[in-house]
Amino acid sequence: MKDYSYYCTWAAQNYMYGRGDNELDPTELEGDVGAAHARGYMTEETVFGENGLCNFYPEARKHLYFVLDDGWDVPKVMQKDPHLYPGGLVVDEERFPNFTGKPWERLAKLNKALKQRGWAGLGLWIAAQEAPVPDDPAQSLTGALQEEYWKERLEWSERAGVHYWKVDWGAHGGDMDFRRRLTAWGKRYAPNLTIEQAVCQACYNDDGSQYDVEKLVIRSGNVDPKIVEYEVELLQNADVLRSYDVFGQLSVVQTIARVAAVLEAMNGKHPEGAAILNCEDECMIGASLGLSVGIMRHPWMGQRVAGDPDCAFPKNDRNFKKRLNEVTRTVAWQQFCPPFGCTQEEVHASEEWLKDRWHFQKGETWMNAAIGQVVEQKAPAVLSRGVELPYVECEGEPPFVTASAHAGCAAIATHGRTDVNRSWYEPLADVRMTLPMGIEKIGIFGRYRSLTIEGLEAQGKRVLARDLLGGETFDLTAQCASETLMLDGAAIERIGLSSASAGDQSCPGMVVWME
């Protein structure tokens, strides 16, 4: 089975500046300045040192690529200029002194070292440009010369056994024709490589939003239809498309809105590639909707003064950095139900939409223009694939709910909300889902007042469950009646957290099956 999910180093790189210092100016974490600091920490010591990033996620990493983000191919003396040098795809020897040799050999050594530490393999962040970028755009490579440039680098990757590229911004970042060409070249010259594409955009949703850290103008809060048009265009031949950067505080609502927009727009399309959506770090959205994930959360915390600011995972009641079990449970569920393409199941979105809001302070985002503003975003209250919309009943504001059914598996998740006054909160709802025929395994994620699952094909069978982390098996046969499984929230907590790591604050995650 092919792996599509990964851990990406960017958020951890961003947290390294100022660790252990007596003072910290939060403005140093914002914009290009913060990115330059992060780029400087992409080194061999950061990745492979005693407390290096390669030690993260010991239970999940055999099914996760380890993606080196921005900086790995940038000569260290040039790291303050973010626009000219990424895209060379040559591992910088000053950053990685023990990984020498020809370009493909350096990649092969990195790949081997990560596999030896238990990862699925090396993945690479790729700038959408040829490096160095010429001062005069008219001097950029085109035609056969451009193809030859990327052919060489794709062949390096294939020879080194590097099977994942995360293609981001660059001189060609907004050129959809270039991105489609790159995907086609990848299939031709590196047939084992998965190329993830993206449409670079602001970290907020709005009509006409632009990728500009100097502006934040919320008109409607809708996902920009032009961006969706580009994404659908890319998905005609791309294997993976990433939903792109969001605010940490509003990640759930923004990600659901973006995913819903793309899935609905893909109805009736006939893509040539795998056409899988990647929803970045929102693990339970990925698990419950059949999407791949690009994990960025990490366990480092409490190592900065001034309130321990972290623009990627700011301190609030959600505590991303104390929810690492969610990653492992998501990856475990993907072994039962791997990510599946945008058009493989029918999409349903509720007419009801929910709105979340956050008032941004310094140190809570890299986007300077958001600081001091209240940002409101919205998304469908319920989103599903391959299964009818679950019914949700709640006193007060409900949770977001996502669900799917595909290839004998079904999954459902509830997601918390963000409010200016309440911060992060997790409403408890009564949720009812009706399964299609042929479901053998069910993944349950999140917190509930109760969950009722109808259409269970359990006649004459035992119904069993356990935490997706493993451990004790629970017999739920007594909770089944007339092909209906009824669970109260306490039972889901008891089973879905039964193997939780000490101190972890993740939501429950469990699997139910019949035998």
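The structure under discussion appears in the preceding block.
Overview of the structure. Keep in mind that what you see is a predicted model, and the values were worked out from it rather than measured.

### As for helix α5 (residues 143–160)
Inference 1: For α5, built from 18 residues, the straight-helix expectation of 26 Å at 1.5 Å per residue is met to within 8% by its first-to-last C-alpha distance of 26 Å.
Inference 2: All buried positions along α5 are accounted for by Gln146, Tyr149, Trp150, Arg153, Leu154, Trp156, Ser157 and Ala160. Taken around the axis of α5, the buried residues stretch over an arc of 150°, which confines them to a single face. Away from its buried face, by an angle of more than 90 degrees, α5 presents the exposed residues Ala144 and Arg159.
Inference 3: Tucked inside the fold, the buried residues of α5 contact α4 (103–116), β3 (121–126), β4 (164–167), α6 (176–189) and β5 (194–198).
Inference 4: Residue Gly161 follows α5 closely and has a positive phi angle near 75°.

### Quick notes on the side chain of Thr194
Inference 1: As for its position among the elements, Thr194 is in strand β5.
Inference 2: If we ignore the near neighbours within four places in the chain, the residues touching Thr194 are Lys2, Tyr4, His163, Tyr164, Trp165, Asp239 and Val240.

### Some words on the layout of surface pockets
Inference 1: Empty space within the second largest pocket amounts to approximately 290 Å³.
Inference 2: Along its surface, the second largest pocket is lined by 16 residues, and Glu59, Leu324, Asn325, Ser501 and Asp504 are the ones closest to its centre.
Inference 3: In the lining of the second largest pocket, the residues fall into seven nonpolar, five polar and four charged.

### Structural notes on the sheet that holds strand β22 (residues 474–475)
Inference 1: Judged by pairing direction, the sheet is mixed, and its eight strands sit side by side in the order β9-β12-β14-β15-β19-β25-β21-β22 without closing on themselves. Only two strands of the sheet have a single neighbouring strand rather than two, namely β9 (347–349) and β22.
Inference 2: In this structure, strand β21 (residues 463–467) lies alongside strand β25 (residues 509–514), joined through five bridges in antiparallel fashion. Residue Arg466 lies in a different strand from β25, and its bridge partner there is Val511.
Inference 3: Against the sheet, helix α10 (residues 325–336) engages β15 (409–415), β19 (441–445), β21 and β25, with an angle of about 160° to β19.

### So, unusual backbone geometry
It is generally the case that most residues other than glycine have a negative phi and that most peptide bonds are trans.
Inference 1: A cis amide bond, omega -5°, links Ala131 with the succeeding residue Pro132.
Inference 2: Looking at the element boundaries, Pro132 is found in the loop between β3 and α5.
Inference 3: The phi dihedral of Tyr244 is positive, around 85°, even though this residue is not glycine.

### Here we look at helix α7 (residues 225–234)
Inference 1: Of all the positions in α7, only Ile227, Val228, Glu231, Val232 and Leu234 are classed as buried. Buried residues of α7 fall within an arc of 160° about the axis and therefore sit on the same side.
Inference 2: Buried residues belonging to α7 abut α6, β5, β6 (240–242) and α8 (251–265).
Inference 3: Looking at where α7 begins, the residue whose side-chain oxygen comes 2.9 Å from the main-chain nitrogen of Lys226 is Asp224.

### Brief notes about the nonpolar core
In globular proteins that are soluble, nonpolar side chains generally tend to be buried together.
Inference 1: Grouped together as the largest cluster of nonpolar side chains are 151 residues, with contacts concentrated most on Trp72, Trp150, Trp165, Phe247 and Ile444.
Inference 2: In terms of residue count, the dominant contributor to this core is α8 (nine residues).
Inference 3: Among residues more than four places away in sequence, those in contact with Trp165 are Leu89, Leu124, Ile126, Trp150, Arg153, Leu154, Ser157, Leu182, Leu193, Thr194, Ile195 and Glu196.
Inference 4: Counting residues in hydrophobic clusters, the runner-up holds 14 residues, among them Met284, Phe340, Cys507 and Val511.

### Details of the packing of α6 against α7
Inference 1: Contact geometry of α6 with α7 gives a least axis separation of 10 Å together with a crossing angle of 25°. Judged on the interaxial angle alone, α7 and α6 are roughly parallel. Like other packed secondary-structure pairs, α6 and α7 cross with a definite hand, here right-handed. Residues Met176, Arg179 and Arg180 of α6 pack against Tyr230, Glu233 and Leu234 of α7.

The rules behind the values
Residues numbered from 1 in each chain as written. Predicted model: local features only at pLDDT ≥ 70, side-chain atom pairs only at ≥ 80, totals over all residues. Heavy atoms only, no water. Helix = DSSP H or I, 4+ residues; strand = E, 2+ residues; numbered from the N terminus. Expected span 1.5 Å × (residues − 1). Buried < 20%, exposed > 50% of the residue type's maximum accessible area, 1.4 Å probe, protein only. Arc of directions from axis to C-beta. Contact = heavy atoms within 4.5 Å. 1 Å grid on protein atoms, 1.4 Å probe; cavity = no way out; pocket = protein on both sides within 12 Å on 5 of 7 lines; lining within 4 Å. Points joined across faces, edges and corners; volume = space filled by probe spheres on them. Nonpolar A, V, L, I, M, F, W, Y, C, P; charged D, E, K, R; others polar. Pairing = 2+ DSSP bridges. Axes fitted to C-alpha atoms, helices over the stretch in contact; angles between N-to-C directions. Polar contact = N/O pair within 3.5 Å; in protein donor to acceptor, adjacent residues only side chain to side chain. Core = buried A, V, L, I, M, F, W, Y, C linked by side-chain atoms within 4.5 Å. Parallel < 35°, antiparallel > 145°, perpendicular 65-115°, else oblique. Left-handed = near helix turned anticlockwise from the far one by under 90°.

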